[in-house]
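As a plain string of letters, each chain reads:
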Amino acid sequence: MSHALPVTPLDTLTAALRRALPVLPVIAVIALLGLPIAPSGEGGANIADAVSGLVVLCCAVHLLRTRRRPLSATAAVVLGLPVVGISVAAAGAADVGAGITGLTRYLQVFVLVPAAVLLLVRDRRDLRLLAWSFVALALWQGAVGVHQYVTGTGASYQGEDVRAVGTFGPTDVMGMATVVAFGVVCAVALALGAAEPRRRTIAVLCALVLLGPLALSFSRGAWIATAVACGAQLVLAGVRRAVKVVAVLVAAGTILVGGLGVGSSMLQERLTSITQVTDAPDQSVTDRYTMWAAATGMWREHPLTGVGLKGFPDYRDSHASLALSSGSDIAGAGAAYHKQALLSPHNMYLLVLSEQGLVGLLALAGSWLALLVGALRGLARSRRPAQGAGDSADTGSGTDCALVACGLLVWQLVDFVYADIGGPSTVLTGVVFGVVGWWALMDPSGTPAAREAAPAAAVRKEAAAR
């Protein structure tokens with residue numbers, strides 16, 4: 001009489017790692033963004049960018065091993081649409097080297113990395129694993145940021161080194177804010193869609209904890225994008241639940257800011273400045289408006305194809321007014337005081353419009369709109385009655401995955417009004433579009449598990465025929 005051997009924790013861990021093997025390279029990209037960035041860094045390529053190239057290579061190897069069809073026709077069109085405008089703008093760049101650099105960056109963020117992530121994610125469990133990886137990175141960066149604020153070792157803000165920037169340093173003040181915001185959005189989605197009370201409780205706690213470092217980043221654009229994205233998630237999850245969650249957040253904010261006085265004066269001033277962008281804008285807002293006007297002027301002169309990739313800095317001074325300052329003040333967090341040149345309009349839509357023209361903007365915006373429509377359709381599918389093996393206890397209904405995808409995409413599209421690509425955290429944008437793409441472009445006639453089983457069944461059938 002045989003007896004089954006007991007399953008040890010090591011066996012469980014080994015099985016989990018083996019199952020998650022395809023998405024481990026993507027998790028590695030996320031994890032590497034927790035490493036410190038040199039204070040003197042200028043936003044060039046870093047180790048996470050290098051590993052993102054390995055992700056694309058791993059994807060190609062994975063496709064060859066599993067004999068999966070690379071992409072459906074719809075997915076290929078949606079993900080490949082930005083290539084049109086990018087290629088035309090690269091060909092029209094005044095500096096060939098700069099054009100190639102810009103081409104590589106745009107393809108990495110909007111085409112190659114998203115396609116690789118889309119193909120490496122196999123089912124909803126993989127997507128949830130990536131969502132929790134975003135939360136884990138946000139917790140780490142948030143912890144570093146809070147320590148910087150408490151100890152006065154952050155980036156300079158109003159003459160004090162209190163701005164939380166995490167490990168990204170003062171040259172990328174949006175880096176930590178972006179990472180923490182992604183963590184908040186993922187945690188809210190996991191809390192709203194989780195079936196197990198324990199996971200829901202953990203996700204809620206993570207979201208509440210991350211609100212602190214997000215506030216201490218003093219990033220108005222990240223605040224607005226997070227509020228809009230989380231608000232959209234709450235509405236999509238149900239109005240009644242949205243009212244309850246908003247009540248809890250208001251109570252928590254009252255206790256933290258009103259009762260404990262956590263950063264009350266600086267936060268109040270920063271919040272107030274959001275409503276003063278037209279009446280009494282500070283210099284950073286003035287610079288942004290000036291660069292927006294410059295980008296619009298470039299587009300008027302080159303409406304179809306723009307001035308070429310990486311061409312904004314060359315045309316900036318001839319289109320900007322005298323209100324533009326010489327650069328941003330950079331200091332603190334291990335860096336000596338210096339001026340950082342303003343080389344982009346800090347608006348992704350205007351950056352694309354000025355450098356790629358209407359052709360590039362319509363191509364990129366068309367791709368993003370298709371992803372948004374697909375993500376919302378996927379949310380509607382996830383609420384239908386469970387059918388088939390794909391809706392088992394392991395994969396769940398997918399509501400949490402839908403809210404992750406919709407929330408991340410809404411956050412990114414809103415944030416692009418106040419920011420553009422650049423800096424070490426940019427590679428995360430590619431991962432985000434990959435996560436959204438997997439959910440938005442999934443086969444509407446089947447579940448993730450069913451699609452994953454199809455190639456395996458074909459291989460078994462072929463083997464049996466031999």
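Residues numbered from 1 in each chain as written. Predicted model: local features only at pLDDT ≥ 70, side-chain atom pairs only at ≥ 80, totals over all residues. Heavy atoms only, no water.

### Things to note about a nonpolar patch on the surface
A grouping of Leu81, Val84, Val88, Leu304, Leu358, Val359 and Leu362 is seen on the molecular surface, where their side chains present a nonpolar patch of about 560 Å² in accessible area. Elements represented by at least two residues in the nonpolar patch include exactly α5 (82-91) and α15 (348-382). Positionally, Val88 belongs in helix α5. The exposure class assigned to Val88 is partly exposed, which follows from its relative accessible area of 36%. (Patch = residues over 30% accessible without salt bridge, like charges linked within 9 Å, V, L, I, M, F, W, Y side chains within 5 Å. Areas by Shrake-Rupley, 256 points an atom, 1.4 Å probe, with all protein chains shown as cover. Salt bridge = Lys/Arg side-chain N within 4 Å of Asp/Glu carboxyl O. Helix = DSSP H or I, 4+ residues; strand = E, 2+ residues; numbered from the N terminus. Buried < 20%, exposed > 50% of the residue type's maximum accessible area, 1.4 Å probe, protein only.)

### Some details on unusual backbone geometry
If you check the backbone angles, Lys310 has positive phi at about 65° while not being a glycine. The residue Lys310 is located in the loop between α13 (283-301) and α14 (312-319) in this model. The phi dihedral of His346 is positive, around 55°, even though this residue is not glycine. Position of His346 relative to the elements: it lies in the loop between β4 (335-340) and α15. Residue classification places His346 among the partly exposed residues on the basis of a relative accessible area of 27%.

### Topic: the packing of α5 against α15
Their axes nearest at 7 Å, the elements α5 and α15 cross at an angle of 160°. With respect to their mutual orientation, α5 and α15 come out roughly antiparallel. As for the relative orientation of α5 and α15, their crossing is left-handed in sense. Touching Pro82, Val84, Gly85, Ile86 and Ala89 of α5 are Glu355, Gln356, Val359, Gly360, Ala363, Leu364 and Ser367, all from α15. For the contact of α5 with α15, a count of residues per class yields seven nonpolar, four polar and one charged. (Axes fitted to C-alpha atoms, helices over the stretch in contact; angles between N-to-C directions. Parallel < 35°, antiparallel > 145°, perpendicular 65-115°, else oblique. Left-handed = near helix turned anticlockwise from the far one by under 90°. Contact = heavy atoms within 4.5 Å. Nonpolar A, V, L, I, M, F, W, Y, C, P; charged D, E, K, R; others polar.)

### Examining the nonpolar core
Core analysis: the largest hydrophobic core is formed by 115 residues, its most contacted members being Tyr106, Phe110, Met348 and Leu408. Ranked by residues supplied to this core, first place goes to helix α8 (residues 173-193) with 15 residues. In contact with Leu408, other than residues within four places in its own chain, are Phe182, Val185, Cys186, Val432, Val435 and Val436. (Core = buried A, V, L, I, M, F, W, Y, C linked by side-chain atoms within 4.5 Å.)

### What to know about the state of the cysteines
Applying the stated criterion across every chain yields a total of zero disulfides. Cysteine Cys230 is unpaired, with the sulfur of Cys186 as its nearest cysteine sulfur at 9.9 Å. Exposure remark for Cys230: the relative accessible area of 12% places this residue in the buried category. (Disulfide = S-S within 2.5 Å.)

### Observations concerning the pairing of strand β2 (residues 160-163)
In terms of strand pairing, strand β1 (residues 155-157) meets β2 through three bridges, oriented antiparallel. When the sheet's bridge partners are listed, Tyr157 is paired in β2 with Glu160. Once β1 ends, the chain turns through two residues before running back antiparallel as β2, passing Gln158 with a positive phi of about 55°. (Pairing = 2+ DSSP bridges.)

### As for the pattern of salt bridges
Scanning the entire structure with this criterion turns up six salt bridges. In this structure, Arg105 and Asp49 form a salt bridge, with 3.0 Å as the shortest nitrogen-oxygen distance. Here Arg105 is found in helix α6 (residues 96-120), whereas its partner Asp49 is found in helix α3 (residues 47-66), with 56 residues between them in sequence. The residues Arg105 and Asp49 share a single accessibility class, namely buried. The salt bridge partner of Glu196 is Arg199, with a shortest N-O separation of 3.5 Å.

### Some details on the packing of aromatic side chains
Under the defined criterion, the tally for this structure stands at 12 aromatic pairs. For the pair Phe110 and Phe433, a centre-to-centre distance of 5.8 Å together with 65° between the ring planes defines the contact as edge-to-face. Separated by 323 residues along the polypeptide, Phe110 in helix α6 and Phe433 in helix α17 (residues 426-440) bring together distant segments of the chain. Each member of the pair, Phe110 together with Phe433, is buried. An angle of 10° between the planes, with centres 4.4 Å apart, marks the rings of Tyr157 and Phe218 as stacked. In this pair, Tyr157 sits in strand β1 while Phe218 sits in the loop between α9 (197-216) and α10 (220-237), placing the two residues 61 residues apart along the sequence. A relative accessible area of 9% places Tyr157 in the buried class. (Phe/Tyr/Trp six-rings, centres within 6.5 Å; stacked < 30°, edge-to-face > 60°.)

### Concerning the side chain of Asp415
Along the chain, Asp415 falls in helix α16 (residues 399-415). Within the buried core, Asp415 has no salt-bridge partner, and the shortest N-O distance to an opposite charge, that of Arg288, equals 7.9 Å. Asp415 has contacts with Met174, Gly221, Ala222 and Ala225, leaving out every residue within four places of it along the chain. (Lys, Arg positive; Asp, Glu negative; His and termini not counted.)

### Some words on the environment of Met174
Relative to the elements of secondary structure, Met174 occurs in helix α8. Given a relative accessible area of 21%, Met174 falls into the partly exposed group. Placed 43 residues apart in sequence, Met174 and Ser217 show a C-alpha to C-alpha distance of 7.9 Å.

### Some details on the confidence of the model for the chain
The share of residues in the chain with pLDDT of 70 or more is 79%, and the mean pLDDT across the chain is 82. Long-range and interchain partners of residues 387-394, a stretch whose pLDDT sits below 50, account for 13 contacts in this model, where long-range means more than four residues apart. (pLDDT = per-residue confidence, 0-100.)

### Details of α15
Since one α-helical turn is 3.6 residues long, residues separated by three or four positions face the same way. Here α15 is 35 residues long, yet its end C-alpha atoms lie only 31 Å apart, well below the 51 Å a rise of 1.5 Å per residue gives. At Gln356, α15 shows its largest bend, some 130°. Between the side-chain oxygen at the start of α15 and the backbone nitrogen of Tyr349 there is a gap of 3.0 Å, and the oxygen is on Asn347. (Expected span 1.5 Å × (residues − 1). Bend = angle between axes of the 7 residues up to and from the residue. Polar contact = N/O pair within 3.5 Å; in protein donor to acceptor, adjacent residues only side chain to side chain.)

### Description of the packing of α3 against α6
Each pair of packed helices can be described by the angle between their axes along with the distance between the axes. The contact between α3 and α6 brings their axes to 9 Å, and the two run at 45°. Put simply, α3 runs oblique to α6. Of the two elements, α3 crosses α6, and the hand of that crossing is left-handed. Contacts from Asp49, Ser52, Val55, Val56, Cys58, Cys59, His62 and Leu63 in α3 reach Arg105, Gln108, Leu112, Val113, Ala116, Leu119 and Leu120 in α6. Of the residues contributing to the contact of α3 with α6, the split by class is 10 nonpolar, three polar and two charged.

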